[in-house]
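Descriptive analysis of the structure
Each chain, written out:
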Amino acid sequence: MAELEKELGADVCEMWLSPVKPLIFENGILTLEIPDQLWFQTIRTRYEAKIAGLLCSMSGLPACRIEYTIPLRTERAEPSEEDFPAAPVSGAAMQDSDKPRPRIFSNRLNQNYTFDKFIEGTSNRFAHKAAQAVVKKLGDRTNNPLVIYSTPGLGKTHLLHAIGNELIKTSANKKVLYISGEGFVSEYIESIQKKTPNAFRNKYRGLDCFLVDDIQFVAGKDASEREFFNTFNALYESKKQIVLTSDKTPTELGLEERLSSRLLSGIVAEIKVPDLETRIAILRAKREQENFNIPDDVLLFIAERIKSSIRELEGCLYRLSSYCSIHEIVPTKDVAKELLSDIISPEDEFISININSIKRVVGKHYNVDIKDFKAKKKSHAVAWPRQIAMYLANELTDMSLNDIGIEFERDHATVVHARDKVKKELDESPFFSAEMNQIINEIKSVDKQ
């Protein structure tokens, strides 16, 4: 799994490979127990070759192959059109044998992801509050749709499952379904192959809350995107709740304009990299939850150096605890530094970027006085360096968009506009990209001194 994560990415492995159970590896044949037919098709077509190749390299065998088994179930795990029976006809009382039998509705929610286990900080507060508001006012136009975006590993999926779990807890009769964007596309393709489009549509359009993770996987797949748009519209017009996550803002996803505008009609919330205090709180909560015996100074050491991903942050904690338990040693900073050297290299010590350093370096580079960053001047000679400084503050510090706005005496929307404008220029101009790398290196060298 560790090697597969390097090749496929942590999100893919968590979505498609974590639910798979290895049963036996014998004579070069690995037998996997998989949840259902969707997993079989996805793993066989996309990941089987990589898994078999890794097995050969790790076992030393010349050839390996994968076999699959699906466990027998007494109840259907996947919802279909039968899960949404028509309302019973009023009139004469039905006989017991005529009454609709209760059915299990598979919502695919991970029960470990709840609001209680989510650590709130300045980097995710708005997204957290918006997610809680969805539960309180399901389908309300002011919160519908809710789009949460961030780089991978910062808690989007946790919030998505938390919404579903809270709804099930407070309203057991609500039909809530979690699925990834990739899963939606796969199921839609399967419905075309099996000629069951009506069952597919009935399944999704009968929901009370539709939770879609990584909607970016739908972008660019014309037929799937059209089907998703129609599903979105049907739910939205019926005042049903839609919550989506993505790795970019709705405008950057490359979706059709009509769908992109729909996503922007509700709440769009960003989750940024957590600040140091939040990272420490996350590690302490995980330590308490797992009963790890790791001192606070070691947690601080990890939190200072692992910034980009909560998943990576928690992974370091598990790795350190396991190592110390196996070797029967006490976790210390020195042990952590040696064990995590592949992630935290000694020569790449933690650098805390200061907003004033950004202003000084950018100001010097563009010959702008620092006080002009807060001035009302709108000339390009001042406005463009100011936008670059805002972008770099967003990228290099733990500051929220509101905090960055305060530093430059600008509002949240102005900071978002500046960030997006600089991003666009970076994507389009390799010369500007090189210039920015030079500025960033200079900022880091200033703060490292």
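So, here's what we can say about the structure. (Residues numbered from 1 in each chain as written. Predicted model: local features only at pLDDT ≥ 70, side-chain atom pairs only at ≥ 80, totals over all residues. Heavy atoms only, no water.)

1. Re the pattern of salt bridges
- Per the counting criterion, the structure on display carries 24 salt bridges.
- With a shortest N-O distance of 2.5 Å, R108 and E187 are connected by a salt bridge. Of the two residues, R108 sits in the loop between β3 (65-69) and α4 (125-136) while E187 sits in helix α6 (residues 181-193), which places them 79 residues apart along the sequence.
- Between R262 and E237 there is a salt bridge whose closest N-O contact spans 3.3 Å. Linking R262 in helix α9 (residues 257-263) with E237 in helix α8 (residues 222-237), this pair joins segments that are 25 residues apart in sequence.
- Among the charged side chains, a network of salt bridges with common partners joins R108, E187 and K203. (Salt bridge = Lys/Arg side-chain N within 4 Å of Asp/Glu carboxyl O. Helix = DSSP H or I, 4+ residues; strand = E, 2+ residues; numbered from the N terminus.)

2. Points about the side chain of E225
- Relative to the helices and strands, E225 is located in helix α8.
- For E225, which is buried and forms no salt bridge, the nearest opposite charge comes from R258, at a distance of 6.9 Å.
- A distance of 2.5 Å separates a polar side-chain atom of E225 from the backbone nitrogen of E256.
- If sequence neighbours within four positions are ignored, E225 has contacts with V218, A219, G220, L255, E256 and L259. (Buried < 20%, exposed > 50% of the residue type's maximum accessible area, 1.4 Å probe, protein only. Lys, Arg positive; Asp, Glu negative; His and termini not counted. Polar contact = N/O pair within 3.5 Å; in protein donor to acceptor, adjacent residues only side chain to side chain. Contact = heavy atoms within 4.5 Å.)

3. Quick notes on the side chain of E182
- Inspection of the secondary structure puts E182 in helix α6.
- Its relative accessible area of 12% is what places E182 among the buried residues.
- For E182, the contacting residues outside a window of four places in its chain are W16, R46, Y47 and F217.

4. Some remarks on unusual backbone geometry
- The amide bond that connects N144 to the next residue, P145, takes the cis arrangement and shows omega of 0 degrees.
- In this fold, P145 is placed in the loop between α4 and β4 (146-149).
- Phi at N291 is positive, roughly 60 degrees, even though this residue is not glycine.
- Within the element layout of this structure, N291 appears in the loop between α10 (276-290) and α11 (296-305).
- Positioned with a positive phi, N367 is a non-glycine residue whose angle comes to about 60 degrees.
- Structurally, N367 can be placed in the loop between α14 (355-366) and α15 (380-396).

5. Topic: the packing of aromatic side chains
- Tallying each qualifying case throughout the model produces 14 aromatic pairs.
- Ring geometry for F184 versus F210: centroids 6.3 Å apart, planes at 50 degrees, classification tilted. Linking F184 in helix α6 with F210 in strand β6 (residues 209-213), this pair joins segments that are 26 residues apart in sequence. Per residue, the accessibility class of F184 equals that of F210, and both read buried.
- Joined through ring pairs, the aromatic side chains of F184, Y188, F200, Y204, F210, F228, F232 and Y236 make up one cluster.
- The ring of Y236 carries the charged tip of R141 above its face, separated from the ring centre by 4.3 Å.
- K359 extends its terminal NZ or CZ atom over the ring of F408, reaching a point 5.1 Å from the ring centre. (Phe/Tyr/Trp six-rings, centres within 6.5 Å; stacked < 30°, edge-to-face > 60°. Lys NZ or Arg CZ within 6 Å of the ring centre and 35° of its normal.)

6. Some words on the nonpolar core
- Among the nonpolar cores identified, the biggest contains 66 residues, and I51, I163, L211, I302 and L320 are the most heavily contacted of them.
- Sort the elements by how many residues they give to this core and helix α3 (residues 37-59) lands first, with 9 residues.
- Setting aside chain neighbours within four positions, we find L320 in contact with I294, V298, I302, P331, V335, A336 and L339.
- Counting residues in hydrophobic clusters, the runner-up holds 28 residues, among them F373, L396, M399 and I439. (Core = buried A, V, L, I, M, F, W, Y, C linked by side-chain atoms within 4.5 Å.)

7. Some thoughts on α4
- Helix length check: α4 (12 residues) gives 17 Å between terminal C-alpha atoms against 16 Å at 1.5 Å per residue, within 8%.
- Against the buried residues of α4 lie β4, α5 (156-170), β7 (241-246) and β8 (267-270). (Expected span 1.5 Å × (residues − 1).)

8. Details of the sheet that holds β3
- Taken in spatial order, the 3 strands of this open sheet run β1-β2-β3, and their pairing is mixed. Either end of the sheet is taken by a strand with one partner, and the two such strands are β1 (21-26) and β3. Adjacent strand axes in the sheet meet at a mean angle of 25 degrees when their direction is disregarded.
- Relative to β3, strand β2 (residues 29-33) is paired through 5 bridges, and the arrangement is parallel. Each residue of the ladder has a partner; that of T31, found in β3, is E67. (Pairing = 2+ DSSP bridges. Axes fitted to C-alpha atoms, helices over the stretch in contact; angles between N-to-C directions.)

9. Observations regarding the packing of α10 against α11
- In contact at an axis separation of 9 Å, α10 and α11 are set at 130 degrees when each is read in the N-to-C sense. Accordingly, the angle class assigned to the pair α10 and α11 is oblique. In the crossing of α10 with α11, the sense of the turn from one axis to the other is right-handed. Across the interface between the two elements, L276, R279, I280, L283, R284 and R287 from α10 touch D296, L299, L300, I302, A303 and E304 from α11. (Parallel < 35°, antiparallel > 145°, perpendicular 65-115°, else oblique. Left-handed = near helix turned anticlockwise from the far one by under 90°.)

10. Some words on the sheet that holds β8
- Pairing is parallel in the open sheet, where 5 strands are placed in the order β5-β6-β7-β4-β8. Unpaired on one side and paired on the other, β5 (176-180) and β8 mark the two borders of the sheet. Each adjacent strand pair in this sheet contributes to an overall mean axis angle of 15 degrees, direction not counted.
- As paired strands, β6 and β7 are joined by 4 bridges and run parallel to one another. Paired with L211 across the strands is V243, a residue of β7.
- Seen against the sheet, α4 touches β4, β7 and β8 and runs at an angle of roughly 140 degrees to β8.
- Lying over the sheet, α5 contacts β4, β5, β6 and β7, oriented at roughly 160 degrees with respect to β6.

In short, shape yes, function no, at least from these values alone.
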